[in-house]
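# Examining the three-dimensional arrangement
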Amino acid sequence: MASDADQLVEMGFPRNRVLKALRATKNAGLQPAMDWLVEHSEDPDIDDPIPEHTGGALGTAASSSSAAAGSEDSEEKEGDVIQDGEQTAQSLICQDCQMILKNADAAQRHAMRTEHVNFAESTTAIKPLTEEEKQAKLAELKQRLAEKRALKAQVEKEEQKTSEKIRRKAGQDLTEVKAKLEEKEMKKLADAKKREKEEDRKAKAAIKARIEADKLERARKKQEAQGIRQASEAAAVAQANVEAAAAKAAPAKVYTETRLQIRQPEGQQPIVHTFQASDKLSAVYDFVREHRQGSFKLMTTFPRKVLDGDNLEKSLNELQLVPSGALAVTTS
């Protein structure tokens, strides 16, 4: 009669897996072994060689071998006693205690331990599986394996969905951070420009105050010198007028350089560079081409106006981009 291992191999299972299943189920029968094979079919080490179990140290084995020899044949081993329904053609039944034993060796160990002597062949020995039964069992196993794989695929699909949600959320957060950084940088530039304008206003106010002080001083001196001759008075008045005109005609602060910030699309870092106030817009285009590829145009951020064509020959001073300014790169 074919053993459980042979029947499982005939059903298509690798012998290494079959031996593992029978060892793991302690030779409990065909069905438990099949259940174990289904449960552990996806284990990464399912096809690894079966490790050989060795005893303890040589000295220990030698010292205990004589004691073990006396009791080995009389002690029942695990798997000697089987349950009703697990019998094979070699199974025996102890008529003294009705215990079903796996084979003649198990019956011998049972007799030495219990001194029972009445044994008989089991009348309920299980017949080997027919070809139809093997195919039915194999179909059942395939169905269970398919269900297990489908469940695993569903779990992996859900995990992929969760991972994708996390990835998208991280991308959104990164975009928001970049937008906030750009907004913060633009605010810093706007604040710097505002401070520059405020400093210019204060400088102009100081000059105007000095002019007014000079006027008052000259008026005081004029009143003190009323006793001087008319000619001297007229000359002093004329001189004061000349000085006042010269003071009013004094040129405002002249900037020779300008600091431009050029914002790039796709969240790239802005380009910041200092140009001469007399540089033409075409020089800015040439500088930007050194840092990016492809066609593009430059435009003012507020109001939004594309600077090309005739503007290329205008100086940055003429385009009111002095002492600082902000431009944006557009590819549309």
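About the cut-offs
Residues numbered from 1 in each chain as written. Predicted model: local features only at pLDDT ≥ 70, side-chain atom pairs only at ≥ 80, totals over all residues. Heavy atoms only, no water. Helix = DSSP H or I, 4+ residues; strand = E, 2+ residues; numbered from the N terminus. Buried < 20%, exposed > 50% of the residue type's maximum accessible area, 1.4 Å probe, protein only. Contact = heavy atoms within 4.5 Å. Areas by Shrake-Rupley, 256 points an atom, 1.4 Å probe, with all protein chains shown as cover. Pairing = 2+ DSSP bridges. pLDDT = per-residue confidence, 0-100. Axes fitted to C-alpha atoms, helices over the stretch in contact; angles between N-to-C directions. Polar contact = N/O pair within 3.5 Å; in protein donor to acceptor, adjacent residues only side chain to side chain. Salt bridge = Lys/Arg side-chain N within 4 Å of Asp/Glu carboxyl O. Core = buried A, V, L, I, M, F, W, Y, C linked by side-chain atoms within 4.5 Å. Parallel < 35°, antiparallel > 145°, perpendicular 65-115°, else oblique. Left-handed = near helix turned anticlockwise from the far one by under 90°. Nonpolar A, V, L, I, M, F, W, Y, C, P; charged D, E, K, R; others polar.

## Let's talk about the overall build of the chain
When its secondary structure is counted, the chain shows eight helices and eight strands. A burial count over the chain gives 22% of its 332 residues as buried. When contacts within the chain are restricted to residue pairs at least 6 apart in sequence, those whose partners lie at least 24 apart make up 59%. Accessible surface, the chain: about 23400 Å² in total, of which carbon and sulfur atoms supply 52%.

## Quick look at the sheet that holds strand β2 (residues 100–101)
Judged by pairing direction, the sheet is antiparallel, and its three strands sit side by side in the order β2-β1-β3 without closing on themselves. The outermost strands of the open sheet, each flanked by one partner alone, are β2 and β3 (119–121). Here strand β1 (residues 92–94) pairs with β2 via two bridges, running antiparallel. Bridging across to β2, L92 finds its partner in L101.

## Looking at the confidence of the model for the chain
Looking at the chain, the pLDDT average stands at 78 and 80% of residues meet or exceed 70. Per-residue pLDDT, averaged within each element of the chain, yields its smallest value for helix α4 (residues 58–72) (39) and its largest for strand β5 (residues 271–276) (93). Counting interchain partners and residues more than four positions distant, the pLDDT-below-50 stretch residues 54–74 has six contacts.

## Brief notes about the sheet that holds strand β4 (residues 257–263)
Judged by pairing direction, the sheet is mixed, and its five strands sit side by side in the order β5-β4-β8-β6-β7 without closing on themselves. With partners counted over all chains shown, the strands left at the sheet margins are β5 and β7 (304–307), one partner each. Shown here is a sheet whose adjacent strand axes are inclined to one another by a mean of 35°, direction ignored. Sheet analysis places β4 next to β5, joined by six bridges and oriented antiparallel. Pairing of T258 across the sheet is with F275, part of β5.

## Structural notes on the side chain of T258
Position of T258 relative to the elements: it lies in strand β4. T258 sits in the buried class, given a relative accessible area of 1%. A distance of 2.4 Å separates a polar atom in the side chain of T258 from the backbone oxygen of L321. A distance of 3.2 Å separates a polar atom in the side chain of T258 from the backbone oxygen of P323.

## A word on the pattern of salt bridges
The final tally for this structure, using the stated rule, is 14 salt bridges. Measuring nitrogen to oxygen at the nearest pair gives 2.5 Å for the salt bridge that ties E198 to R201. Taken together, the positions of E198 and R201, both in helix α6 (residues 131–224) and three residues apart, correspond to about one turn of that helix. The exposure class assigned to E198 is partly exposed, which follows from its relative accessible area of 33%. Salt bridges here are not isolated pairs; linked through shared partners, they connect E164, R167 and R168.

## As for the nonpolar core
I262, V284, L298, L316 and L327 are the most contacted members of the largest nonpolar core, which totals 19 residues. Taken together, the elements giving at least two residues each to this core come down to β4, β5, α8 (281–289) and β8 (324–330). Counting residues per element, this core draws most heavily on α8, at five residues. For I262, the residues in contact, after removing those within four places along its chain, are P270, I271, V284, V288, L298, L327 and V329. With 17 residues, the next largest nonpolar core counts V18, L22, W36 and I46 among its residues.

## Some details on the packing of helix α3 (residues 30–39) against α6
Two elements in contact, α3 and α6, have axes whose closest approach is 10 Å; the angle formed by their N-to-C orientations is 30°. The angle between α3 and α6 places the two elements in the roughly parallel class. As α3 runs across α6, the sense of the crossing is right-handed. In this structure, α3 uses Q31, M34, D35, V38 and E39 to contact α6, whose residues at the interface are K137, L141, R144, L145 and K148. Here the residues of the contact of α3 with α6 sort into four nonpolar, one polar and five charged.

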